[in-house]
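Breakdown of the fold
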Amino acid sequence: MQPALSSKQKEVVEAPDGPYLVVASAGSGKTRILTARIRHLLLECNIRSRVLALTFTNKAAAEMKERLADIPELGERAYIGTIHGFCQSLLEAYGNLIGFTQAPAILERDNDRIAILEEVFQNNPELNQQLEHYPTASKKRGYLYQMLQKISSWKREWDVYAALKEGDWNKRYELIMFRDYEERLALQGAIEFDDILLLAYRILSERPKVAKIYQRSYRYFCVDEAQDLNAVQYGIIRLLADGSKNLLMVGDPYQAIYGFNGSSSRYMTECFVADFAASRFELRENFRSSKAVIVAANALYSKSISEENIVLSGALDVAACVDEAEEAEWIADHIQALLERSEVEGIDGPPELHHFAVLARNRFIFDSLEQELTKRQFNYHVRQPAGGGLESDWGRVFDLGLRILGNPENSLYLRELHKRLELPATFQFDCAHSVLNAFEDCISKLPQKWAGLLPGLLSAWSELEADINRFRRIMDELEESLSAIARTTDDEAQKQEFARALGDIGLLRQLWQNYTREVSAESRSINHFRNQLAMGALNPQTNGEGITLATIHAVKGLEYDVVFVMGLVEGVLPDYRSIRAGRDALAEEKNDAFVAITRSKRYLYLSWPRQRFMPWDKENPATQQRSRFLDEIIERVGISDTPAAAVAEEQKNLKHQPHG
Amino acid sequence: MSTTIESVILPQHSILIDQVRVANFRSLQNVEVPLEQTTLLVGMNNAGKTSFLRALHLALGQDRRNLSPDDFHSADSRQNTENEILIDYRIVPIDQNGDRQADFAQIWYDSDFGGDIVATDAQDWEFIAVRTRITFDAVKNDYELKRLLLSDWPDVKQWQDAPERGRAPRRFEQMASFFMDAQRDLVADLRDRSSYIGKLLSKIDISKEDIEALEAQLQNLNTDIVAKSEVLSHMREALGALGETVPSFGDGVEVTPVSKKVRDITKGLGVQFTDSSESSFPLDAQGMGTRSWASLLTYQAYVSWLARQASSNDKPFHPILSLEEPEAHLHPNAQRAVFQQLAKTPGQKIISTHSPYVAGHADLTAIRHFHKNGAATVVKSLPQDLAPEDKRKVHREVMHTRGELLFSRAVVLFEGETEEQALPIFAHRHWQQFPFEKGVTFVGVGGDGKYLPFIRTLNAMGTPWLIFSDGEPEAQKCVNAALSAIGLAGVKDPPVIMLPNNASIEEYLMNAGYRDAILTAIIELYRPFKGTQHEAAKSAEIKAWTDEKVLEFMGGHKTALSPHWAHAISKLEGERSIPTMIRELLNRIDSAIDRQHP
């Protein structure tokens, strides 16, 4: 049972129509307030009105929908989804107004984008000169990747993007690169992930009537995690809600960790307040974390969370370990110790593995811990950031085939297929009449490895083109035929490939299942399936069991009873690149630390290794320096990180806990 | 009843399905049909009117179970399920006068049209366009039906290329489509739970307390009847023996002459008509006309009930009635009455009719004319831009011909009443059939020779026409003015029969050597005579008239005389029975009709 809303929360939930900014600190019940507000709007304010609620992740949207599931006709009366998802449907519905007569294919893989950019450079002598500065293929690639990042960053700032489109840019080669790249995308009927938002913004700004249609459809607009808005996203929301004024933004500036994506909490705290004359609510009460956790969080940002009325005391422990192996052991020891207790403050029943999470700035930190957990036979999972992806060559070829069927004019995919199938340079796909015929023509030219596999793929593709709803059965057939071929091979490498391919089939099946759950039979199509995939809408929900291992960016909005934050050294958290960049980037690293700490409800363990081994030298460890953020915590809380002292402290704490 | 509905549906909620486009559905290979608040579909049997109504009903959310391979259009008699059936319709907001508006009312956004369903055109006028696409999968032997929203409503020439966007809802809850075919019958409806009265009765709303009270009364009634009937009491006792051998019967056997449950009572609901005498007749005993009309009335009852529900829930409501032949089994006067009653029913009505009485009452701009060109249906509207006076004139003529004009296969236009009297007589001689049986209508446009509104109307319907005109300079001028207005001036073989040598019809007949037959007609006009002597004297006197005198007389008695000379001439032997120019007229009608229906 949820406790009743506090009077402060209630004030937000039942506020009259109007624009509101709710600055809500970690653990103050953001999601709960937002859903309660929506419930209030739908059931009590105006029983006919509709609500548009935008989130940053599918997970947050799903959670909100689940909490509101009891409201009749929720699906008709509220759009609850990600900003990207909303913009994609806006683009599908009104793209024709800016010249898109068909839903464009979304180019989500960096490889595809790099290949296009490479063509752009190769086809322009001026640009090619730039590229020639980089002697090796991998250096060229690195440069192109950097340019892509640049293009992405331009696309996140509407003003910059507009300036480029207008040709108003001081670096000539950048302008040429940008324009040629955009042209090539347009030629292939493709757009980038970032373009979805830009195009949505364009539609809303060029055709105010569309914004008006949404304003008449939705009386209320809500934005979750508003501290993560970037310029284009804020622009979209501003245009959408402009006439209505009933815009609610909820967020926490201290949890803004996506600055590298162009987002800034300023859009919420400054632009929104100025543009809409929004009234401001502050929610500082903490309903999630123990005293120990809040003290640590406030050590980073003083008084960011109210320390009054905290029920649980919790525990905070800090350890300096000899190396990563010892750090892993220290964590595993604590998990084991807690698991052996029959009761832990604040947890109903005996503690279980799913109450634990280990967080780090990047996923390479987990190597030694994973070994240790495996050794002790603790079940764990690594939370996947959005993406997924097929592992085997076979899976990639299958996927390419789907893309080509859904988007036959895309020469890029054909070229990649050509490469993947290892076809001779002399062979050319002739897709003038039918893509599938063109595939068939290549069979005789295939190397032995593919000659046996392509016929199965071909029949799968043609069946899928005729009826995508046979997907599941086709997967079964492919699994059977691949297993049969696998049994006859002696080649170890081949066996590995087949094993991965079969794994991919399993993944595809799961993605398809998620797809069928979301989309009714009559609206399914190859292109739609692929696009949903690109949106990450079909990613398997990691309802992973056991201990959660995750990067800080993968656990936003989540909470755990016991949280370990490991690898707290300079260069990792803060990341060495941010140290070099300084200022905003560094401030955001601090937010990362803050987010990591505030994921904990009860117990918080912070650790760092004095030395680490680098991948290129397994003999000589490198000496590490304690994270500046950990310094702050140790200093302000007045706690020691020497192992002996930490253990003693731990023992003392445990003795104070009531048992039974 | 209709006033109740009108008061429920507020005008500011008004929407209209203003355009429907169909491809490859039965004979509808490619048609566009603009719709009004009341639209009348006219045309010959089998021209595609019912197909159109069915297509629209299908698009508005009826399920696909009624589809069959025959529904796919094919140019020849073979099935052509490879074709794809497309049915597009557009919804627009309108005001009380039926004029299109820019924005849908907020109440529609609050119910059915929320989200990104509404599209906007280049003028920022809102509309909703829905496409229904039906394909046949020969392997699965099943139909696939997809509903998609269109983001544009292009010119009719490219309509099938309209850009499609996301999925459309199967139907809009507050837009209900109703279909009533020509076979409707209240007696059958009462037995059918899916009929409108069946649906209405299934919603009988009696409070729980009332049901308990009523069922207690029913129980008493049963007990009384059984107690008072020796037969029933006996039966109950006999059946009661069952309880002794089969313990599960518990309390024994009940004999219930009347249903015990209120909900069962409505199943056997009867409708009785009581006339001025004492006795009442059950509906079964009524004629089909009454039963058909009664069935229509139950539709109105159902729709007004739904409208009231919507209104009390603060929701909009737009019923769309597709109705076949409201005139079925009804007397002409009743046909007019039923149409007028229908026209008053709110919501959108699309009515197919073969009744000139019904068509004659409709607004001409609301009429859609269906005819076949080979295997494919062609749909035409009457010109929307006639001057009010011309419109009245055409309408008057439609009424005058009792709407036959709308159902004609060919029309002959002329100025005067002489032709109106005479030409049908020669036509009968020519075809050995009355002109209306042949589908040919003779229309006098009035003395001032205003052919143009009729020509434009007929062109709009695609009905072939011919002008039959005097050769007098004034008459020629009228014809030429009309021809040049439609761009036919100076063409070879215009659709005109012009009497030669600037002759009036009377002069033409005299010149053609019909003096004897005309004299016979004049003598006929003097009947009755006071005796045979008188007759002989008068006849001799008339026969002695000079040609000038004959023509002068004919000029003075045009309309009185024309049926007589027409009859007299038509009784002549062989070729002479029809004057050459009139024969040419009739032959050209024959070939026009042949061209139309090879």
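Heads up: the structure comes first, above all this text.
Let me begin by describing the structure that accompanies this report. Worth saying up front: this structure is predicted, and the values here are computed from it rather than measured. (Residues numbered from 1 in each chain as written. Chains lettered and ligands numbered in written order. Predicted model: local features only at pLDDT ≥ 70, side-chain atom pairs only at ≥ 80, totals over all residues.)

**Points about unusual backbone geometry**
- For the bond running from Leu573 of chain A to Pro574 of chain A, omega is 5°, close enough to zero to count as cis.
- Structurally, Pro574 of chain A can be placed in the loop between β13 (560-565) and α26 (576-581).
- Cis peptide bonds are those with omega within 30 degrees of zero, and the linkage from Arg527 of chain B to Pro528 of chain B qualifies with -5°.
- If you trace the backbone, Pro528 of chain B turns up in the loop between α19 (515-526) and α20 (532-543). (Helix = DSSP H or I, 4+ residues; strand = E, 2+ residues; numbered from the N terminus.)

**A short note on the sheet that holds strand β6 (residues 220-223) of chain A**
Residue and element names in this part refer to chain A.
- Taken in spatial order, the 6 strands make up an open sheet running β3-β2-β6-β7-β1-β8, and their pairing is parallel. Whereas interior strands pair on both sides, the edge strands pair on one side only; in this sheet they are β3 (78-82) and β8 (279-283). This sheet shows a mean twist of 15° between the axes of neighbouring strands, independent of strand direction.
- The pairing of β6 with strand β7 (residues 247-251) spans 3 bridges and is parallel. Pairing of Val223 across the sheet is with Met249, part of β7.
- Together, β2 (51-55) and β3 form the strand contacts of helix α3 (residues 58-67), whose direction differs from that of β3 by roughly 155°.
- Contacts from helix α5 (residues 83-94) reach β2 and β3, with the element oriented near 115° to β3. (Pairing = 2+ DSSP bridges. Axes fitted to C-alpha atoms, helices over the stretch in contact; angles between N-to-C directions. Contact = placed C-beta atoms within 7 Å.)

**Digging into helix α14 (residues 417-431) of chain B**
Residue and element names in this part refer to chain B.
- The end-to-end C-alpha distance of α14 is 22 Å, a good match for the 21 Å that 15 residues give at a rise of 1.5 Å each.
- Listed in full, the buried residues belonging to α14 are Thr418, Glu419, Gln421, Ala422, Leu423, Ile425, Phe426, Ala427 and His430.
- At the C-terminal side of α14, Gln432 shows a positive phi close to 55°. (Expected span 1.5 Å × (residues − 1). Buried ≥ 20, exposed ≤ 12 C-beta atoms within 10 Å, placed from the backbone.)

**Here we look at the interface of chain B and chain A**
- Facing the 17 residues of chain B at the interface are 18 residues of chain A.
- Of all the elements in the fold, those that place two or more residues in the side of chain B that touches chain A are α3 (106-111) and β8 (164-167) of chain B.
- Here the residues of the side of chain B that touches chain A sort into 3 nonpolar, 6 polar and 8 charged. (Nonpolar A, V, L, I, M, F, W, Y, C, P; charged D, E, K, R; others polar.)

**Structural notes on helix α2 (residues 49-59) of chain B**
All names here are of chain B.
- The buried fraction of α2 amounts to 10 of the 11 residues, a majority that puts the element mostly inside the structure.
- Of the residues making up α2, those classed as buried are Lys49, Thr50, Ser51, Phe52, Leu53, Arg54, Ala55, Leu56, Leu58 and Ala59.
- Following α2 by one or two positions, Gly61 has its phi on the positive side, about 120°.

**As for the nonpolar core**
- Of all hydrophobic cores here, the largest spans 226 residues; its most connected members are Val22, Val51, Ala200 and Met249 of chain A together with Val412 and Leu413 of chain B.
- With 9 residues, the top contributor of residues to this core is helix α9 (residues 288-312) of chain B.
- The contact partners of Val22 of chain A, leaving out residues within four places of it in the chain, are Val12, Ile33, Leu248, Met249, Val250, Phe281 and Leu283 of chain A.
- In this structure, Ile294, Val563, Phe594 and Val595 of chain A belong to the second largest nonpolar core, which totals 62 residues. (Core = buried A, V, L, I, M, F, W, Y, C linked by C-beta atoms within 7 Å.)

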